[in-house]
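So you can see what is in the structure, the chains are spelled out below.
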Amino acid sequence: MTDKQTAAFFRAEGVLVSQGVVHAAAWMAAQRAGMRERAFRFGQALLSAPVFGVLGQTDRTLGNRVAHLAYRDMTDDRIHVLAEEYVEDILAEKILDSGLELIRKARKDGHRVVVMSEGIEPIMRPLVDHHIRGVDDLVCNRLEIKDLKATGRLLDPVIGGYEGGRWLTSYAAEHGIDLEGSIAYAGHAPDLLLLSAVGKPCVVNPDFTLRKAAKEADWPVMDYTA
């Protein structure tokens, strides 16, 4: 018997939303002032797509770092204005209804709801606050800001790689979470350690590597598109 609370950990990409960080970074880059700068940063964002393709089955950290170079030299206030626009005009339409239902069920079952995302906070915070209700904590990537401008670097830890499992263990210790009674929903191979850390892992819309691992581990697999 334990007096600890339990949690439901949701990986946003693929579980709650169908759009990823490459699209967000490319869209933001396309809104930059100046044709030359816009083309250069847009190209940087697109460069991360094949990186995700090559490394997505192992570790997405490098892909995230490359994608977010597109934000370099954008002012912090400009990022926030564009992020709000991106959420309302595009990302809100990419929310997966089945993912929202999983959150409602987690709340009903008494779990603390935690969302982890590769997206940056200016995008993910308004998305969660206005369109994905019932979230207790949001953990996402953070841009390094110096002199009111983004440097193009992500602050550590970078969400999306294998450090997700280590982060979850630290989070559980800090908040008194019983991991054995907790759930995790994720769909990418680097989430393997995250899923392994809880007593009730569930694989959602998985990539090839994670689907294979789930089958070997006899974990439940959910496939949905809306």
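Analysis parameters
Residues numbered from 1 in each chain as written. Predicted model: local features only at pLDDT ≥ 70, side-chain atom pairs only at ≥ 80, totals over all residues. Heavy atoms only, no water. Helix = DSSP H or I, 4+ residues; strand = E, 2+ residues; numbered from the N terminus. Buried < 20%, exposed > 50% of the residue type's maximum accessible area, 1.4 Å probe, protein only. Contact = heavy atoms within 4.5 Å. Areas by Shrake-Rupley, 256 points an atom, 1.4 Å probe, with all protein chains shown as cover. Right-handed = clockwise from strand over helix to strand, strands pointing away. Polar contact = N/O pair within 3.5 Å; in protein donor to acceptor, adjacent residues only side chain to side chain.

**Structural notes on the overall build of the chain**
A count of helical and extended segments in the chain gives ten helices and eight strands. Burial statistics for the chain: of 226 residues in total, 53% are counted as buried. Considering only residue pairs separated by 6 or more positions, the chain has 65% of its internal contacts joining residues 24 or more positions apart. On the chain, roughly 10,900 Å² of surface is accessible, and the fraction owed to carbon and sulfur atoms is 53%.

**Digging into the pairing of strand β3 (residues 137-141)**
By the criterion of burial, β3 is predominantly enclosed, with four of the five residues buried. On the question of chirality, the crossover connecting strand β2 (residues 112-120) to the parallel β3 by way of helix α7 (residues 121-131) is right-handed.

**A look at the environment of R142**
Inspection of the secondary structure puts R142 in the loop between β3 and β4 (143-146). What makes R142 partly exposed here is its relative accessible area of 36%. Along the primary structure R142 and D156 are separated by 14 residues, whereas in three dimensions their C-alpha atoms are 8.0 Å apart. Each residue touching R142, except ones within four places of it in the same chain, is listed here: E121, R153, L154, L155, D156 and P157. Within the structure, the side chain of R142 is placed 2.7 Å from the backbone oxygen of D156, a separation counted as a polar contact.

**Some details on the environment of L91**
Considering the arrangement of structural elements, one finds L91 in the loop between α5 (76-89) and α6 (97-108). The spatial distance from the C-alpha of L91 to the C-alpha of H131 is 9.7 Å, given a sequence separation of 40 residues. Leaving out residues up to four positions away in the same chain, L91 has contacts with Q19, Y86, I123 and L127.

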